[in-house]
Amino acid sequence: MSVAAATSVPRSKRDGLWRWWPVGIIALVVLVAILAPWLAPYDPNQQNLLGRLKPPGTVSRSFHYWLGSDELGRDLLSRVIHGARISLIVAFASVVLSGVVGTTLGMIAGYRRGWVEIAVMRVVDVFLSIPAILLAIITVAVLGPGIVNVIMVLALTRWPRYARIAYSQTLSVANMPYVRLSALMGAGAPRVLFRHVLPNIVGAISVVATLEFGLMILFEAGLSFLGLGVQPPTASWGAMLSTGRNYVATAWWVATLPGACLFVLVLAVNLTGDAVRDRLDPRHR
Amino acid sequence: MSERANPMLAIEGLTIEIDGNRIVDGVSLGVETGRILAIVGESGCGKSLTALSVLGLLPNAARVSAGSIRLGGRELTRLSEVELSEVRGNDAAIIFQEPVASLNPLMRVGEQVEEALLLHRGLSRAAAREEAIAIMARVGIPDPARRARQYPFELSGGMCQRIMIASALICRPSLLIADEPTTALDVTIQAQILDLMRRLRDEVGSAIVLITHDMGVVADLADDVCVMYGGRIVESGPVDAIFAEPSHPYTRLLLGTIPKLDGIRKTVLRTIEGMVPPAGAWPEGCRFRTRCPLADEACEQVPPAVAVGASHRAACWHVDRLEAMA
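The name recorded for chain B in an unreviewed UniProt entry is Peptide/nickel transport system ATP-binding protein, from Bosea robiniae. If you open the UniProt record of chain B and go to Subcellular location (unreviewed entry), you find "Cell inner membrane". UniProt, in the comment section headed Sequence similarities (unreviewed entry), describes chain B in these words: "Belongs to the ABC transporter superfamily."

By the naming in an unreviewed UniProt entry, chain A goes by Peptide/nickel transport system permease protein and is assigned to Bosea robiniae. The heading Subcellular location (unreviewed entry) in the UniProt record of chain A holds the text "Cell membrane". UniProt's Sequence similarities (unreviewed entry) comment on chain A is quoted here verbatim: "Belongs to the binding-protein-dependent transport system permease family."

What follows is the structure, encoded as structure tokens:
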């Protein structure tokens, strides 16, 4: 192919497909989470106290620990497979919930201005001034632990991030002539916000959301570690990471395995976020 | 102009305040169907605010404190937000000066042309698209069906301004406000756009309010002229009369600042001394008196608008002494 022909090929055709490999990773993790009962070789909660903290590949009684065992002799592979469910559900649900609430409030504050702006943004300031983990602990202490409550707590503590970003982005976009013009054409506030403002700020929001996604998995881990999140013996990557930390010096695999899974998933989500952001901009198509 | 029977747009004694300062002070004007009224003045003279107030979209701090705005006999200042949004884009539309920034970069231009139709006429998407392509063809966009699927960044500034005009005119508004429609365009494109606007005025039959500081555009396009200074109309009249016999010192100076091709060469280009004072720092009485060569004690009182010709008025105490100006 000549040089001229090569440069005229649209970007999407040139480097389109390989950019989407992170989506494959995410899909794989989702698939594993859905098929967990069939994929896991053992019951994730079945203990084997004689086979505690065995390195990967050990055979102990009826167990074959492909990826080692934890402090109660449970099969790590099975726990990682089952733990994917909790981590994914908590992270996705809390990101979506806090993202939708925060973005909506931030856009309204940035577009309406006046007392709405003052009310919303001061509440945001209050939320951001309270340490998130403290707020989470108090809320869980009141509501009680459990996966639904964890999601609610995370949404409650994280929405101000989105509100801040959405607010500042809306402030600049709302002053663009095309937004003012849309109102001058007779479009109501909801139409202006969702048709003109949201598409132009969604790039920034999605970057925040992908970063938050990783944080949410870690937050869930922290809450679970404090006994306020997913209750033992239920496996979640965060909880496994937290307990595995105690044995890093003697049994590296306990924390390393869920940690590696977490790392790959969060990386995949972040890269997907980048790709999505570029895809949303027609200039990059 | 305002003396004629039934103007499409009639503004009477419009006063707009920001923090207690009268940014627009007792402005009255009228435009008839099929005519173009130019509002001329320096930056900050209140011309854009006057135009925006027609559509009820003033900046947050500003409010209309007195006066009336009637569009086709309907009082606009007392309409609710919902009623106003019925008027916007339907009975009255606006074109901004930055055509590229006036288009949503993430929407295909066809969708943006359709928007007013979908909002006000409840057409189906397909029907709206057909009308959009038809009007895009009318404003001189070649291959409109293909262009409609493109994004603003794929079009030139002139093309974007044509798109803007198409989207403003698609509901056949009885009033079109053009806020410096050609300022951001280069001269050849400017001429094309002005041509287009003249043609559309005759075809669509809208009343057009043209906001500009470019006297060349005024001479080219307008039927009537309002010259504003410091939030007040200082002179108004038919375009020929204003250019032939400018009757307010400010208008005279403003016309004097245009370089002429047939004049004596190597003369220094005239300017108006000083700056427009910021709002709130305007002098009592005639607001131009601090920069006016004719100013004396009489100017400490607000001058009335006196008739100096047919439909031609000037708000100055010294209309009879204008010859004294260099």
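A. Structural view of the overall build of chain B. For chain B, the helix and strand inventory stands at 10 helices and 12 strands. With the C-alpha coordinates of chain B rotated into their principal frame, the extents come out at 65 × 50 × 35 Å. Across chain B, every contact between residues at least 6 apart in sequence was considered, and the portion connecting residues at least 24 apart equals 65%.

B. Here's a closer look at the nonpolar core. Of all hydrophobic cores here, the largest spans 161 residues; its most connected members are Leu 37, Val 209, Leu 210 and Val 227 of chain B. Top contributing element to this core by residue count: helix α5 (residues 76-112) of chain A, with 15 residues. Two domains share this core, each providing at least three of its residues, namely domain 1 (9-91 + 173-324) and domain 2 (92-172) of chain B. Excluding residues that lie within four positions of it along the chain, Val 209 of chain B makes contacts with Leu 9, Val 31, Leu 37, Ile 39, Ala 51, Leu 175 and Ile 177 of chain B.

C. Molecular detail of helix α7 (residues 132-143) of chain A. Look at α7 of chain A: 16 Å from first C-alpha to last across 12 residues, which is about the 16 Å you get at 1.5 Å a residue. Positive phi appears at Gly 144 of chain A, one or two residues downstream of α7 of chain A, with a value of about 95 degrees.

D. Region of the structure containing the packing of helix α11 (residues 237-244) of chain A against helix α12 (residues 252-280) of chain A. Residue and element names in this part refer to chain A. Direction vectors running N to C along α11 and α12 enclose 145 degrees, while the axes themselves pass 8 Å from each other. Between α11 and α12 lies a crossing whose hand is left-handed. Seen from α11, the contacting residues are Trp 237, Met 240, Leu 241 and Gly 244; seen from α12, they are Val 254, Ala 255, Pro 258, Gly 259, Cys 261 and Leu 262. Its residues placed into classes, the contact of α11 with α12 shows eight nonpolar, two polar and no charged.

E. Representation of the packing of helix α10 (residues 189-225) of chain A against α12 of chain A in the model. Residues and elements named next belong to chain A. Where α10 meets α12, the axes come as close as 9 Å, and the angle between the chain directions of the two elements is 175 degrees. As far as their axial angle goes, α12 and α10 are roughly antiparallel. Residue-level inspection shows Val 202, Gly 203, Ser 206, Val 207, Ala 209, Thr 210, Leu 211, Phe 213, Gly 214 and Ile 217 of α10 in contact with α12, the latter providing Leu 262, Val 266, Val 269, Asn 270, Thr 272, Gly 273, Val 276, Arg 277 and Leu 280. Taken together, the residues of the contact of α10 with α12 sort by class into 11 nonpolar, seven polar and one charged.

F. Spotlight on the UniProt feature "domain: ABC transmembrane type-1" (unreviewed entry) in chain A. Here the UniProt-annotated "domain: ABC transmembrane type-1" (unreviewed entry) positions come out as residues 84-273 of chain A. Taken end to end, residues 84-273 of chain A is 84% helix and 0% strand, and its first and last C-alpha atoms sit 20 Å apart.

G. Just the sheet that holds strand β5 (residues 74-75) of chain B, in detail. All names here are of chain B. Pairing is antiparallel in the open sheet, where four strands are placed in the order β2-β1-β4-β5. Each edge of the open sheet carries a strand with a single partner, namely β2 (21-31) and β5. Bridge analysis of strand β1 (residues 9-18) against strand β4 (residues 62-71) gives eight bridges, and the strand direction is antiparallel. If you follow Ala 10 over to β4, its bridge partner there is Arg 70.

H. Quick look at the UniProt feature "domain: ABC transporter" (unreviewed entry) in chain B. Under the feature "domain: ABC transporter" (unreviewed entry), the UniProt entry names residues 9-255 of chain B. Helix makes up 39% of residues 9-255 of chain B and strand 27%. Its end C-alpha atoms lie 27 Å apart.

I. Structural context of α5 of chain A. Between its terminal C-alpha atoms α5 of chain A stretches 52 Å, which fits the 54 Å expected from 37 residues at 1.5 Å a residue. At Gly 83 of chain A, α5 of chain A shows its largest kink, close to 25 degrees.

J. How the structure looks around the environment of Asp 296 of chain B. Its location among the elements puts Asp 296 of chain B in the loop between α10 (249-256) and β11 (305-309). Sequence-wise, Asp 296 of chain B and His 318 of chain B are 22 residues apart; in three dimensions their C-alpha atoms are separated by 9.5 Å.

K. Molecular detail of the confidence of the model for chain B. Chain-level pLDDT for chain B is 84 on average; 94% of the residues reach the 70-or-more range. For this predicted complex, the interface confidence comes out at an ipTM of 0.73, alongside a pTM of 0.75.

Criteria and cut-off values
Residue positions are counted from 1 within each chain, in the order its sequence is given. As they are written, the chains are lettered A onward and the ligands numbered 1 onward, keeping that order. Reporting of local features is limited, given that this is a predicted model, to residues whose pLDDT is at least 70; pairs of side-chain atoms are given and counted only at 80 or more, and all residues count toward the totals for whole chains, interfaces and linings. UniProt positions are given in the numbering used here, feature names are shortened, and annotations may be inferred rather than shown by experiment. Each helix is a run of H or I in the DSSP string that is no shorter than four residues. Each strand is a run of E no shorter than two, and both are numbered from the N terminus. Note on contacts: residues are paired as contacts if their backbone-placed C-beta atoms lie within 7 Å. To define a nonpolar core, we join buried Ala, Val, Leu, Ile, Met, Phe, Trp, Tyr and Cys residues through C-beta atoms within 7 Å and take the resulting set. Exposure classes come from backbone-placed C-beta atoms, where a residue is buried if 20 or more other C-beta atoms lie within 10 Å of its own, exposed if 12 or fewer do, and partly exposed in between. Where each domain starts and ends comes from a domain assignment, either automatic or drawn from a database. Each residue after the first adds 1.5 Å to the expected span of a helix. Lines fitted to the C-alpha atoms define the axes, with helices restricted to the stretch that makes contact. Angles between their N-to-C directions range from 0 to 180 degrees. Crossings are assigned a handedness: left-handed for a near helix turned anticlockwise from the far helix by less than a right angle, right-handed for a clockwise turn. Side-chain classes are defined by residue name, with Ala, Val, Leu, Ile, Met, Phe, Trp, Tyr, Cys and Pro counting as nonpolar, Asp, Glu, Lys and Arg as charged, and the others, Gly among them, as polar. By definition in this entry, angles of less than 35 degrees are roughly parallel, angles greater than 145 are roughly antiparallel, angles of 65 to 115 are roughly perpendicular, and the rest are oblique. At least two bridges found by DSSP between two strands is the condition for calling them paired. Working definition for bend: take the seven residues up to and ending at a residue and the seven starting at it, fit an axis to each, and measure the angle between the axes. pLDDT gives the predictor's per-residue confidence on a scale running from 0 to 100.

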